[in-house]
Amino acid sequence: MTRQLLVLLSIGLILVTSMLATVRAAEEPSHKKPFILCSTTQLADFTRQIVGDRCRVSSVLGAGADPHTYMPTPKDAQLALEADLCIENGLHLEGKNWMATLAKDAGKPVVTATDGLEPIVLDAGGMKVRDPHAWFTPRNAALYVNNIVRAVSKLDPEGRSEYEARAKLYLQQLRVLDAWIRDQFNPIPPAQRILVTSHDAFNYFANEYGFKNQAPVGWSTGSEVGAGMTPERRKVVVDSIKNFNVKAVFVETSVNPKLVRELAREAGVKVGGQLYSDSMGPEGSAGVTYIGMMRENVLTILNGLQ
Amino acid sequence: MRPAFAVIIWVVLIGGLTVYMQSRDTAAVGVTYKPPRAEGVFALQVTTTFAVEPDPFALRTGQTEASALLVKLNGSEILRRADRVQAGTPIRVEPVPGLIDGRNEFYLEANPPVGLANLSYAVRVQLFRDGQLVADRSLWSEPGSRIASSFQVSVTKVTKAKDDHHE
């Protein structure tokens, strides 16, 4: 009888211990990482810098893709369904608002990284268009970072202090980047600071660092108001290159370089190199991060214009 | 009788185990040591060689807003300016709350204008005790970057001389 009692007690103890262990494991935070889906490579990089390994981050667009003309695929819709949070650039960078539509169709929250920004307003054939390429200054990138920190802290409140600590470090890196860019451009006389690129994506960059910006294609490569290339715009660019004695023009990684190469031949100037614009570089390239992309752009511009 | 006895032992064991598991993670209440506050009237004077401005690269979570000038003493904020302060304008904190006998750590952040990338900036920090200068430090930045630095100041305990003189 005593032996039976002992066996019974032992089984009971094992059962209770395993039940308690199960309860405790259930109380612990889930090991499933939150999944954040971003529209562009820049947004994905900002988000990765903030969340570290605490969340999974993916970008709908790959390196070299054009957000203005991108058409989402069934795979993107599947990713949106898996996502806990979607992040878009906004200001119609994502042509026909494809990121907001993906998130809405999947029933997922979407955060606009440019919220609170004072956008540059472009005159597009009598229509006013807000320029979406705001990430091109580290100061605006800081605003993106702050919006993303708030969004991920809301998604995962337990990780808030971690996100804020990483963001503080990254914001300091952006500050250093800004100071470095100013220092690098300092030797170029203001009169020679003319940046001719494929499409009108560098207005924020040009304003911040004292450049005059010219592009044969409007703010978008798509078919929106004020987008695309017009003969008038092309003529203005060629005249500017000749009048201001521009030394080089630049092609962009996400736009077909054919048009700028034609312009360079027509105006008799060299192609100074390729700039990262609406998307960053592929894995293994120097432009795979935002800071790397900006650094390489600055060096390409310097080499072209000096 | 025996099955009932077995159930009672079982319940006692389960109960004990549950109580132990629940109380295991409860943090032990620590005893905090409060060092004695430094005696005297202290004043802190901060003078920058540049105009301080709110930091466009600051973390803005809605709880903490961007500061132009921030001073912390032993981890507690004693001065925060969110507005623009002209270069050379002394900013004074008097009295200085939270100074203790022994070592005290000051942490200072000052944000210069973003456009001036090639200059180094400096801040002079002076600590007075009853009007007497007890510490004087200059903190410098790398060219173009803001000042974020800490330094320690030892405050010696005032030993009152015993009045042993009798008429």
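Reading the values: rules and limits
- Residues numbered from 1 in each chain as written.
- Chains lettered and ligands numbered in written order.
- Predicted model: local features only at pLDDT ≥ 70, side-chain atom pairs only at ≥ 80, totals over all residues.
- Helix = DSSP H or I, 4+ residues; strand = E, 2+ residues; numbered from the N terminus.
- Buried ≥ 20, exposed ≤ 12 C-beta atoms within 10 Å, placed from the backbone.
- Contact = placed C-beta atoms within 7 Å.
- Axes fitted to C-alpha atoms, helices over the stretch in contact; angles between N-to-C directions.
- Parallel < 35°, antiparallel > 145°, perpendicular 65-115°, else oblique.
- Nonpolar A, V, L, I, M, F, W, Y, C, P; charged D, E, K, R; others polar.
- Pairing = 2+ DSSP bridges.
- pLDDT = per-residue confidence, 0-100.
- Core = buried A, V, L, I, M, F, W, Y, C linked by C-beta atoms within 7 Å.
- Domains from an automatic or database assignment.

### Quick word on the overall build of chain B
Scanning chain B from N- to C-terminus turns up 1 helix and 8 strands. Listed by position from the N terminus, the elements making up chain B come as α-β-β-β-β-β-β-β-β. The 167 residues of chain B split such that 22% are buried. The contacts of chain B with a sequence gap of at least 6 include a subset with a gap of at least 24, amounting to 63%.

### Observations regarding the packing of helix H5 (residues 138–155) of chain A against helix H6 (residues 160–185) of chain A
Two quantities define a packed helix pair, namely the angle between the axes and the distance from one axis to the other. Residues and elements named next belong to chain A. Closest axis-to-axis distance for the H5/H6 pair is 10 Å, and the angle between their directions is 175 degrees. Overall, the two elements H5 and H6 adopt an arrangement that is roughly antiparallel. From H5, Pro138, Arg139, Ala141, Ala142, Val145, Val149, Val152 and Ser153 reach across to H6, where they touch Arg160, Tyr163, Glu164, Ala167, Tyr170, Leu171, Leu174, Leu177 and Asp178. Looking at side-chain class alone, the contact of H5 with H6 contains 12 nonpolar, 1 polar and 4 charged residues.

### So, the packing of helix H2 (residues 41–51) of chain A against H6(A)
Residues and elements named next belong to chain A. At a minimum axis distance of 7 Å, the contact between H2 and H6 shows a crossing angle of 120 degrees. Here H6 runs oblique to H2, going by the angle between their axes. Across the interface between the two elements, Gln49, Ile50 and Val51 of H2 pack against Tyr163, Arg166, Ala167 and Tyr170 of H6. Per-class residue counts for the contact of H2 with H6 are 5 nonpolar, 1 polar and 1 charged.

### Quick word on the pairing of strand E3 (residues 76–81) of chain B
Two elements, strand E2 (residues 69–73) of chain B and E3(B), share 5 bridges in a ladder whose sense is antiparallel. The partner of Leu73(B) across the bridge, within E3(B), is Ser76(B).

### A look at the confidence of the model for chain B
All names here are of chain B. Per-residue pLDDT for chain B has a mean of 84; in total, 87% of the residues score no lower than 70. Scored below 50 in pLDDT, residues 162–167 makes 0 contacts in the model with residues more than four places away or belonging to other chains. Both scores are available for the predicted complex, with the pTM at 0.78 and the ipTM at 0.76.

### Concerning the nonpolar core
Membership of the largest hydrophobic core comes to 76 residues, with the highest contact counts inside it found for Ile50(A), Cys86(A), Ile87(A), Val145(A) and Ile148(A). If one sorts the elements of this core by residue count, H5(A) sits on top with 9 residues. Both domain 1 (35–177) and domain 2 (188–305) of chain A contribute no fewer than three residues apiece to this core. Setting aside anything within four residues of it in sequence, one finds Ile87(A) in contact with Ile36(A), Cys38(A), Ser39(A), Leu43(A), Thr47(A), Val111(A), Ala113(A), Ile148(A) and Ala151(A). Judged by nonpolar contacts, the second largest core, of 21 residues, contains Val46(B), Val52(B), Ala68(B) and Tyr121(B).

### Re the sheet that holds strand E3 (residues 85–88) of chain A
All names here are of chain A. Across the sheet, which stays open at both edges, the 4 strands sit in the order E2-E1-E3-E4 with parallel pairing between neighbours. Two strands in the sheet have a free side with no partner beyond their single neighbour: strand E2 (56–59) and strand E4 (110–112). Going across the sheet, the axis of each strand differs from the next one's by a mean of 25 degrees, ignoring polarity. Here E3 pairs with E4 via 3 bridges, running parallel. When the sheet's bridge partners are listed, Cys86 is paired in E4 with Val110. Against the sheet, helix H4 (residues 98–106) engages E3 and E4, with an angle of about 165 degrees to E3. Of the strands in this sheet, E3 and E4 touch H5, which is tilted by about 170 degrees from E3.

### Notes on the domain arrangement of chain A
All names here are of chain A. Each assigned domain of chain A is listed with its residue range as follows: domain 1 (35–177) and domain 2 (188–305). Taken over C-alpha atoms, the centre of domain 1 sits 23 Å from the centre of domain 2. Each partner contributes residues to the interface: domain 1 has 31 residues there, and domain 2 has 27 residues. Those elements that provide at least two residues to the side of domain 1 that touches domain 2 are H2, strand E5 (121–124), strand E6 (127–130), H5 and H6. No other element matches the 4 residues that H2 contributes to the side of domain 1 that touches domain 2. The residue inventory of the side of domain 1 that touches domain 2, partitioned by class, reads 14 nonpolar, 13 polar and 4 charged.

### Topic: the environment of Leu275(A)
Residues and elements named next belong to chain A. For Leu275, the position within the fold is in strand E10 (residues 270–275). The exposure class assigned to Leu275 is buried, which follows from the 25 C-beta atoms found within 10 Å. Along the primary structure Leu275 and Ser254 are separated by 21 residues, whereas in three dimensions their C-alpha atoms are 8.9 Å apart.

### Observations regarding the sheet that holds strand E4 (residues 91–93) of chain B
Two orientations exist for strands paired in a sheet by backbone hydrogen bonds: parallel and antiparallel. All names here are of chain B. Overall, antiparallel pairing links the 4 strands, which are arranged E4-E1-E6-E7 in an open sheet. The two strands at the open ends of the sheet, each matched to only one other strand, are E4 and strand E7 (132–140). Strand-to-strand twist in this sheet, taken as the mean axis angle between neighbours without regard to direction, amounts to 15 degrees.

### Notes on unusual backbone geometry
With an omega dihedral of 0 degrees, the bond running from Glu94(B) to Pro95(B) counts as a cis peptide bond. With a phi close to 55 degrees, Lys96(A) is a non-glycine residue in the positive phi region. Here Lys96(A) shows up in the loop between E3 and H4. Phi is positive for Asp130(B), which is not a glycine, with a value near 50 degrees. Mapped onto the elements of the fold, Asp130(B) is located in the loop between strand E6 (122–129) and E7.

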